Amino acid sequence: MRTTWSAAALALCGLLAAGCKPPAYSGYASPNGDFQCSVPWAWSVIYDAEGTYFTNLTFIGPFEPEFYLGAPSFSVRWYTRYTSHRLRDGQTEMYADADDFINQILDSVYGKDRRMEVPLHEVDIDGRRFKHFVVVSAGPAAPGARWGTAADQAGNTINPRQHAYAVLPMSRGFYVLTYPATRQAYKKYYEQFNALVKSFVPLKDGPGGPPLPPPSRSKAAK
């Protein structure tokens, strides 16, 4: 299932018509009621799901030529432990827990030539312990890709990836918050990604899970 919408488009039009400056962030509540967070104002949202055992929300910003395919984005994914998820290329993925996810993607997605810009470490945010890291790696570029690409030493067109992760383990599975930038564009929206992570509040133990105790904080990032 896929749904696309712009959460703040109408409100933005009203603000501009009134000559008001829009806020930097808007509060967002997931369709399944399992988390809330703050995201950049007026970014579009795409929602994909396989039941409630895998969900993916992608927040997409305005065109930026330094980002791969010209699209800055953040994503929030949920994975249920030991449950397979089918990828778009027909392959499947399954993870035992957050650590298994991190180990698998570092090896299979970023490969042995990756460089850890920020080594894996834990960050405590209001009692939630995120596993955070930033990885740099040359990735394949789609045929004809123009925006956000670079050339390697052999002259091949690549996607110069610099991706930030914040992985939050839960009882039934784990959330993965991602900022898939390029090396040249990484600094443009890292502060906004940091605001997303700091404002992220799980309300359930995953989309199909039981409610959690009321959060100690629920305010949007400023």
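Predicted model only: the values in this text are computed from it and were never measured.

**A short note on the packing of aromatic side chains**
Inference 1: Applying the stated rule across the entire model yields 26 aromatic pairs.
Inference 2: The interplanar angle of 90° and the centroid separation of 5.1 Å between the aromatic rings of Tyr28 and Phe59 together place this pair among those described as edge-to-face. Here Phe59 lies in strand S5 (residues 54-60) and Tyr28 lies in strand S2 (residues 25-29), a separation of 31 residues in the sequence. Here Tyr28 matches Phe59 in class, with each residue buried.
Inference 3: These aromatic residues form a ring-pair network of at least three members: Trp43, Phe67, Phe74, Tyr179, Tyr186, Tyr189, Tyr190 and Phe193.

**Considering the pattern of salt bridges**
Inference 1: The full count for this structure, using the stated rule, is 10 salt bridges.
Inference 2: In this structure, Lys188 and Glu66 form a salt bridge, with 3.5 Å as the shortest nitrogen-oxygen distance. Within this pair, whereas Lys188 is found in helix H3 (residues 186-199), its partner Glu66 is found in the loop between S5 and strand S6 (73-80), the two being separated by 122 residues in sequence.
Inference 3: The partly exposed category is assigned to Lys188, whose relative accessible area is 39%.
Inference 4: When the shortest N-O distance is used, the salt bridge between Asp99 and Lys131 registers 3.2 Å. Of this pair, Asp99 sits in helix H2 (residues 98-110) while Lys131 sits in strand S10 (residues 128-140), and the two are 32 residues apart along the sequence.

Cut-offs and rules
- Along every chain, residues carry numbers that run from 1 in the direction the sequence is written.
- Residues qualify for local features only when their pLDDT is at least 70, as the model is predicted, and side-chain atom pairs are given and counted only at 80 or more; totals for whole chains, interfaces and linings, by contrast, use all residues.
- To get the side-chain values, all heavy atoms of the structure are used, and hydrogens and water are removed first.
- For this analysis, a ring pair means two rings from Phe, Tyr or Trp (six-membered ring only for Trp) whose centres lie within 6.5 Å, classed as stacked if their planes differ by under 30 degrees, edge-to-face if by over 60, and tilted for the remaining angles.
- Numbered from the N terminus, helices here are DSSP runs of H or I no shorter than four residues, and strands are runs of E no shorter than two.
- Three exposure classes are used, based on accessible area relative to the maximum for each residue type with a 1.4 Å probe and protein chains only: buried under 20%, partly exposed in between, and exposed over 50%.
- Every case where a carboxyl oxygen of Asp or Glu lies within 4 Å of a side-chain nitrogen of Lys or Arg is listed as a salt bridge.

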